[in-house]
Amino acid sequence: MELNYNSAAELRAFLEKEGLGMRKKYGQNFLINPAVRRALIDALEAEPDAELWEIGPGLGAMTGQLLEKGLSVRAFEIDPGFARILRELFGLRPRFTLIEGDVMKTWPSQPAASYLLGNLPYNIAAALIADMAEKKRLFRRMVLTVQREVALRMVARPGSADYSSFSVLCSSVYTVKPLMIIRGASFYPRPNVDSQGLKLELRKDIRPDAYPAVFYPLVRSLFASRRKMIKNNLRSFILSDIIKKGLVASNAGQAAAEDMADEALAQSRIKGEERAEKLGLEAFVSLAKAVENLRK
Ligand code: SAM
């Protein structure tokens, strides 16, 4: 089977011949620009023989090239029709493994790999990256294609409008480097928004276990009402933690949460009037450590 991945017309004809359609709900947009595909694969800088996860291989536009490079590819694809084509194209290659189904459910049981490549479906991109990072499934390097709006959140620095709990989460384990902006014309079907390539390098200066258990839930909750002063968000977080632990949400609980929040802020030298969007990673880490200690 020969497939021309560079031509929208030929891909359309192929899908029709195979009785397949493109499903919007799975964020299916094939990357038909060969220069962009090559640049993304080159950005992986993966040594031959390395283990790689490919998320959403589609009809295999990148998969074939990855296998040619000598990489062992574990490909996660949800669409049964695409999975059938992938098996026909690569099923006999010993370095190819297909994991059929929803990657959000299938990835946790799969063996770790050094690299990850994915032109990610828009509806799961941020959730998948966050889920894997939080559960410490980390890769030496990831090369991702995401919608530009998601990319901006991933590279955002403190104080900018795009800075969010997701920015903090990404920077807690990876250095996020923007690659090229990819215009709609590079995809079939053509999406309405631009995408962006990103390279995520695992940080060597931070041990992933440097974060206390409360770190990610705390960061999310501090950004939940981003216009609120941090002391108010922190008090709500601590109060809900106290309630979860079985203490009643009484006035006593409220007062205890306020005291604990003030103490944690004092210990980590953060002003209660600050907004989460102004704080960098180190500030969140020291606040989380203070909260964790006070909880004990
Ligand atoms: N890699 C191909 C390319 O670049 O041309 C296709 C990329 S397309 C944007 C996203 C792919 O992810 C599709 O093949 C789609 O079926 C698949 N996909 C969508 N949701 C998925 C999920 N939850 N689990 C696994 N694959 C998924």
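Not measured: the values here are computed from a predicted model. (Residues numbered from 1 in each chain as written. Predicted model: local features only at pLDDT ≥ 70, side-chain atom pairs only at ≥ 80, totals over all residues. Heavy atoms only, no water.)

## Side note on the nonpolar core
Met154, Phe215, Leu234 and Phe284 are the most contacted members of the largest nonpolar core, which has 67 residues in total. Residue contributions to this core peak at 8 residues, all from helix 12 (residues 281-295). Formed jointly, this core draws a minimum of three residues from each of two domains, domain 1 (8-207) and domain 2 (211-295). When near neighbours in sequence (up to four residues on either side) are disregarded, Leu234 contacts Leu218, Leu222, Ala261, Ala264, Leu265, Leu287 and Val291. (Core = buried A, V, L, I, M, F, W, Y, C linked by side-chain atoms within 4.5 Å. Buried < 20%, exposed > 50% of the residue type's maximum accessible area, 1.4 Å probe, protein only. Helix = DSSP H or I, 4+ residues; strand = E, 2+ residues; numbered from the N terminus. Domains from an automatic or database assignment. Contact = heavy atoms within 4.5 Å.)

## Here we look at the pattern of salt bridges
Under the counting rule described, the total for this entry stands at 21 salt bridges. In this structure, Asp131 engages Lys135 in a salt bridge whose closest nitrogen and oxygen atoms are separated by 2.7 Å. Relative accessible area serves as the criterion here: at 53%, Lys135 is assigned to the exposed category. For the salt bridge of Arg203 with Asp205, the shortest nitrogen-to-oxygen distance reads 2.8 Å. For Arg203, a relative accessible area of 19% corresponds to the buried category. Within the structure, one salt-bridge network assembled from shared partners comprises Lys17, Glu18, Arg84 and Glu88. (Salt bridge = Lys/Arg side-chain N within 4 Å of Asp/Glu carboxyl O.)

## A closer look at the packing of aromatic side chains
Evaluation of the coordinates by the stated rule reveals 9 aromatic pairs. Between Phe30 and Phe82, the ring centres sit 5.5 Å apart and the planes meet at 45°, which makes this aromatic pair tilted. Taken together, the positions of Phe30 in strand 1 (residues 30-31) and Phe82 in helix 4 (residues 80-90) put the pair 52 residues apart, joining distant regions of the chain. Considered together, Phe30 and Phe82 belong to a single accessibility category, that of buried residues. Measuring from centroid to centroid gives 5.7 Å for Phe223 and Phe284, while their planes differ by 35°, and the two rings are tilted. (Phe/Tyr/Trp six-rings, centres within 6.5 Å; stacked < 30°, edge-to-face > 60°.)

## Quick word on helix 7 (residues 148-155)
The set of residues buried in helix 7 consists of Val150, Ala151 and Met154. The buried residues of helix 7 occupy an angular sector of 100° when projected down its axis, which confines them to one face. Taken together, the buried residues of helix 7 touch helix 6 (125-134), strand 6 (141-147), helix 8 (165-173), strand 7 (174-182) and strand 9 (195-202). (Arc of directions from axis to C-beta.)

## So, the domain arrangement of the chain
The domains assigned to the chain are domain 1 (8-207) and domain 2 (211-295). A C-alpha centroid distance of 35 Å is found between domain 1 and domain 2. Regarding the contact of domain 1 and domain 2, the summed buried area is about 1,200 Å², with carbon and sulfur atoms giving 59% of it. Counting the contacts that link domain 1 with domain 2 gives 1 salt bridge. (Buried area = accessible area lost by both parts, 1.4 Å probe.)

## Here's the deal with the sheet that holds strand 4 (residues 96-100)
One open sheet accounts for 7 strands, arranged 4-3-2-5-6-9-7; its pairing is mixed. Every interior strand has two partners, whereas the edge strands, strand 4 and strand 7, have only one. Here the average twist between neighbouring strands, direction ignored, is 20°. One ladder, built from 5 bridges, connects strand 5 (residues 115-119) with strand 6; its direction is parallel. Bridging from a neighbouring strand, Leu117 pairs with Val143 of strand 6. Across the sheet, helix 8 touches strand 7 and strand 9, and the angle it forms with strand 7 is around 115°. (Pairing = 2+ DSSP bridges. Axes fitted to C-alpha atoms, helices over the stretch in contact; angles between N-to-C directions.)

## Notes on the packing of helix 7 against helix 8
One can describe the packing of helix 7 onto helix 8 by two numbers: an axis separation of 7 Å at closest approach and a directional angle of 65°. Mapping the contact onto sequence places Val150, Arg153 and Met154 in helix 7 and Phe166, Ser167 and Cys170 in helix 8. Tallied by class, the residues present in the contact of helix 7 with helix 8 amount to 4 nonpolar, 1 polar and 1 charged. (Nonpolar A, V, L, I, M, F, W, Y, C, P; charged D, E, K, R; others polar.)

## Some words on the site of the ligand
Lining the immediate surroundings of the ligand are 20 residues, of which Gln28, Gly56, Glu77, Asp102 and Asn119 lie closest. Residue Gln28 places a side-chain N or O atom 2.8 Å away from an oxygen atom belonging to the ligand. Leu31 places a polar main-chain atom, nitrogen or oxygen, 2.9 Å from an oxygen atom of the ligand. Compared with its free state, where it exposes 590 Å², the ligand has 98% of that area covered by protein. For the shell around the ligand, the secondary-structure elements that each account for two or more residues are strand 1 and strand 3 (72-77). Taken together, the residues of the shell around the ligand break down into 10 nonpolar, 7 polar and 3 charged. (Near = heavy atom within 4 Å. Polar contact = N/O pair within 3.5 Å; in protein donor to acceptor, adjacent residues only side chain to side chain. Areas by Shrake-Rupley, 256 points an atom, 1.4 Å probe, with all protein chains shown as cover.)

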